[in-house]
Number of protein chains: 2
Amino acid sequence: MTTHEHICVSIVPLFNHLNSPDQKRIKDRVISKKYDKGEVIFSPDSDDQLTIVSRGSLKIYRLSENGKERFLRIAKPGDYDGESSLFGVTNDNMFAEALEKTEVCFLRQSDFQDLLKEYPDLSLKLLTMNAQKSAQTEIQTQLLWMEKIEQRLAFYLSNLSYELDLEVFELPMQMKDIASYLGTSPETLSRELKRLERAQIITRTRRHIQILDMDRLEKIIEN
Amino acid sequence: MTTHEHICVSIVPLFNHLNSPDQKRIKDRVISKKYDKGEVIFSPDSDDQLTIVSRGSLKIYRLSENGKERFLRIAKPGDYDGESSLFGVTNDNMFAEALEKTEVCFLRQSDFQDLLKEYPDLSLKLLTMNAQKSAQTEIQTQLLWMEKIEQRLAFYLSNLSYELDLEVFELPMQMKDIASYLGTSPETLSRELKRLERAQIITRTRRHIQILDMDRLEKIIEN
DNA sequence: CGGATTATTGAGTAGCCTCAAGATACGTGG
DNA sequence: CCACGTATCTTGAGGCTACTCAATAATCCG
């Protein structure tokens, strides 16, 4: 079954700007694998390789010193990870787990290095994508700098609304994962959401959120 | 005075691997400036440009929502910043300030873009340096995930010691900056240091630190 | 040497975590 | 498709960490 490898290379922003013969050369070096929900795609023990999501989604997280799961982000089709190990940075303690049936492509470190030399444009593309990725990381770091959980939640909701360009939306993950992402406990998250509801800043039914008063929500961010 | 521009390009890891004629071409596009202690080198209002430190040092920081200064890192000769704006990521709220008499080189965004196309090796070098830089960011993010300040401090000291390969060293910045870097207040930092001293894990005289018991220090990190 | 910044120490308080128990939702198999 | 078991979410109570404010001590720097 080489068809999956084809899909992978042609789908992914990192490669899809190349012409067909060039894509073909890359396909030859790529390995495609399928995972079921809950399976671990990579861990610190895994070999260093570039991991690209072609279908489904991954949860990327770390385990903190005391063993707690620290949610980092969700990787969707086209997203990748593991490129930093190419450049001498060890993947200290990153984990990836399938959130659903997911298809992933792997590219060996050395193969990837060869490709970068062969296709200089690839470097530029990678630089661009890295910049975007670190902008994402940036947002999470900004979250952590906020000492009050109320602020973090307001920032998170405001960001979601901005990205989706909607004032009504569904939370993209479970409360416990959002809590982990915000660096807090599910209990506190639950309470803070209640507080925003009581203050008539949002309404919520399960994961369904409506922002009633964006102005006040953004005032909370500024403390 | 074009001599400074020469120094800048030949000193900096990003360019110093190029041969002389190539370096010459870059020199022509580079602008060098000197700053005194306390002067602001760039702010969110500045034009997007690559900023390279050739002499002295910069303090890179953000202002948080509530107006507090959030220390990010010190940039030493050879370090650079502002490359992400090249790739569509806006430099939302980064500031740089000279910590001493400092010399800095600027390279316009468009010029840099041209250079990257002319010298593909530059992209690879930049990818490598970016990876190192994000490893640094990584360490700070790891810090912020630790909820106890005691843990953060232990991690910070342990890291310093590891990087310097010494158990006796000088803290590289003022207490207030360390506090900001660790995401805490100077008061708490002072108290936590005292605590480590009383527990005979470290000794301290001013900025001079000696680690007495690395084992216990690292146990603190794990909570 | 003297003014200004930075560091320490103390006291009081607010926010958030933990633990525990109950309620709700999810998903799996009969 | 419904029922049951399990995981997730909510709500409450209590305790502790680290923040703020304030005052003194120590340092830096011209």
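All residue numbers here refer to positions counted from 1 along the written sequence of the relevant chain. All chains are assigned letters beginning at A, and all ligands numbers beginning at 1, according to the order in which they are written. For a predicted model such as this one, the threshold for reporting local features is a pLDDT of at least 70, and the threshold for listing and counting side-chain atom pairs is 80 or more; totals across whole chains, interfaces and linings nevertheless cover every residue. Computation of side-chain values covers all heavy atoms of the structure but excludes hydrogens and water.

Further remarks concern the packing of aromatic side chains. The way to describe two aromatic rings as a pair is by their centre distance and the angle between their planes. Residue and element names in this part refer to chain A. Aromatic pairs are defined between Phe, Tyr and Trp rings, using the six-membered ring for Trp, whenever the two ring centres lie within 6.5 Å; interplanar angles under 30 degrees are classed as stacked, those over 60 as edge-to-face, and all others as tilted. According to the stated counting rule, one finds six aromatic pairs over all chains in the structure shown. Plain terms: the ring middles of tyrosine 61 and phenylalanine 95 are 5.4 Å apart, the flat faces sit at 10 degrees to each other, and that makes the pair stacked. Here phenylalanine 95 lies in strand β7 (residues 94-98) and tyrosine 61 lies in strand β4 (residues 58-63), a separation of 34 residues in the sequence. Taken individually, tyrosine 61 and phenylalanine 95 each receive the classification buried, so the pair is uniform in this respect. Each member of the aromatic cluster is reached from another via a ring pair, and the members are Phe71, Tyr156 and Tyr181. The rule for a charge over a ring is simple: NZ of Lys or CZ of Arg within 6 Å of the ring centre, and within 35 degrees of the ring normal. Directly above the aromatic system of tyrosine 61 lies the positively charged group of lysine 59, at a separation of 5.6 Å from the ring centroid. Put simply, DSSP marks the helices as runs of H or I at least four residues long and the strands as runs of E at least two long, and each gets a number from the N terminus on. Classification of residues uses two cut-offs on accessible area relative to the type maximum, computed with a 1.4 Å probe and protein chains only: under 20% is buried, over 50% is exposed, and between them is partly exposed.

What we call a nonpolar core is a set of buried Ala, Val, Leu, Ile, Met, Phe, Trp, Tyr and Cys residues that are connected through their side-chain atoms within 4.5 Å. Residues Phe15 of chain A together with Phe15 of chain B are the most contacted members of the largest nonpolar core, which totals 50 residues. In this structure, phenylalanine 15 of chain B is in contact with Val9, Gln23, Ile26, Ile52, Leu107 and Leu122 of chain B, ignoring residues within four places of it in sequence. Should any heavy atoms of two residues lie within 4.5 Å, those residues are counted as being in contact.

The full set close to DNA strand D counts 21 residues, and Met175, Lys194 and Arg204 of chain A together with Thr188 and Arg206 of chain B are the nearest of them. Each polar contact in these results corresponds to two N or O atoms within 3.5 Å; when the atoms are within protein, one needs to be able to donate a hydrogen and the other to accept it, and residues that are neighboring in sequence are counted only if both atoms are side-chain atoms. Glutamate 147 of chain B is positioned such that a nitrogen or oxygen atom in its backbone is 3.3 Å from a phosphate oxygen of DNA strand D. Contributions of two or more residues to the surface near DNA strand D are made by α6 (175-182) and α7 (186-198) of chain A together with α7 (186-198) of chain B. Each residue is tested against the molecule or strand, and it is near if at least one of its non-hydrogen atoms lies within 4 Å.

Every case where a carboxyl oxygen of Asp or Glu lies within 4 Å of a side-chain nitrogen of Lys or Arg is listed as a salt bridge. According to the stated counting rule, one finds 36 salt bridges over all chains in the structure shown. Here aspartate 36 of chain A and lysine 101 of chain A are joined by a salt bridge, their closest N and O atoms 2.7 Å apart. With aspartate 36 of chain A in the loop between β1 (30-35) and β2 (40-42) and lysine 101 of chain A in the loop between β7 and β8 (102-108), the pair connects residues that are 65 residues apart, well separated along the chain. A residue is classified by how much of its surface remains accessible, and aspartate 36 of chain A, at 39% relative accessible area, is partly exposed. A salt bridge links glutamate 83 of chain B to lysine 133 of chain B; its shortest N-O distance comes to 3.0 Å. Residue glutamate 83 of chain B is found in the loop between β6 (80-81) and β7 (94-98), and its partner lysine 133 of chain B is found in helix α4 (residues 120-145); the two are separated by 50 residues along the sequence. A residue is classified by how much of its surface remains accessible, and glutamate 83 of chain B, at 8% relative accessible area, is buried. Taken together, the shared-partner salt bridges in this structure form one network comprising Arg25, Arg29, Asp111, Asp114 and Glu118 of chain A.

Now for the UniProt feature "domain: HTH crp-type" (unreviewed entry) in chain A. Under the local residue numbering, the UniProt record ascribes the feature "domain: HTH crp-type" (unreviewed entry) to residues 147-215 of chain A. As annotated, residues 147-215 of chain A comprises 57% helix and 16% strand, and the C-alpha atoms at either end are separated by 21 Å. UniProt positions are given in the numbering used here, feature names are shortened, and annotations may be inferred rather than shown by experiment.

Attention shifts here to the domain arrangement of chain A. Residues and elements named next belong to chain A. Bear in mind that the domain bounds are from an automatic or database domain assignment. With domains assigned, chain A is organised as domain 1 (3-121) and domain 2 (146-222). A C-alpha centroid distance of 31 Å is found between domain 1 and domain 2. Facing six residues of domain 1, the contacting portion of domain 2 comprises five residues. We define buried area as the total accessible area lost by two parts upon association, computed with a 1.4 Å probe and summed across both. Both sides of the domain 1 and domain 2 interface together cover about 470 Å² of buried area, and 50% of this is carbon and sulfur. Contact with domain 2 buries area across many residues of domain 1, yet Arg70, Phe71 and Ile74 alone supply 71% of it, more than any other trio. In this assembly, domain 1 and domain 2 are joined by one salt bridge. Among the salt bridges present, the one from aspartate 177 reaches lysine 59, with a minimum N-O distance of 3.8 Å. On inspection of domain 1 and its partner domain 2, the count reaches two residue pairs in polar contact (both at pLDDT 80 or more).

By nearness alone, 20 residues border DNA strand C, and Ile149, Thr188 and Arg206 of chain A together with Lys194 and Arg204 of chain B come closest of all. A share of 75% of the atoms of DNA strand C within 4 Å of the protein falls on sugar and phosphate groups. Here a sugar or linking oxygen of DNA strand C and a side-chain polar atom of serine 190 of chain B are 3.2 Å apart. At the level of secondary structure, the elements contributing two or more residues to the surface near DNA strand C comprise α7 of chain A together with α6 (175-182) and α7 of chain B. When residues are grouped by polarity, Ala, Val, Leu, Ile, Met, Phe, Trp, Tyr, Cys and Pro land in nonpolar, Asp, Glu, Lys and Arg in charged, and all others, Gly among them, in polar. Across the surface near DNA strand C, the residue classes tally to two nonpolar, six polar and 12 charged.

All names here are of chain A. A positive phi angle, near 60 degrees, is found at glutamine 200, a position not held by glycine. With respect to the element layout, glutamine 200 can be found in the loop between α7 and β10 (202-205). Take glutamine 200: its relative accessible area is 56%, and that puts it in the exposed class. Positioned with a positive phi, arginine 206 is a non-glycine residue whose angle comes to about 55 degrees.

In this section: the interface of chain B and chain A. In this assembly, 37 residues from chain B lie in contact with 37 residues from chain A. Summed over both partners, the interface of chain B with chain A buries about 3,200 Å², with 64% contributed by carbon and sulfur atoms. The three residues of chain B that bury the most area against chain A are Glu65, Leu127 and Trp145 of chain B, which together make up 25% of that side's buried surface. Here chain B is connected to chain A by four salt bridges. In this structure, the salt-bridge partner of arginine 62 of chain A is glutamate 138 of chain B, at a minimum N-O distance of 2.7 Å. Seen at the junction of chain B and chain A, the total is four residue pairs in polar contact (both at pLDDT 80 or more). Where the side of chain B that touches chain A is concerned, the elements lending two or more residues are β5 (69-75), α3 (109-118), α4 and α6 of chain B. Sorting elements by how many residues they give to the side of chain B that touches chain A places α4 of chain B first, with 16 residues. Classifying every residue of the side of chain B that touches chain A gives 15 nonpolar, 13 polar and nine charged.

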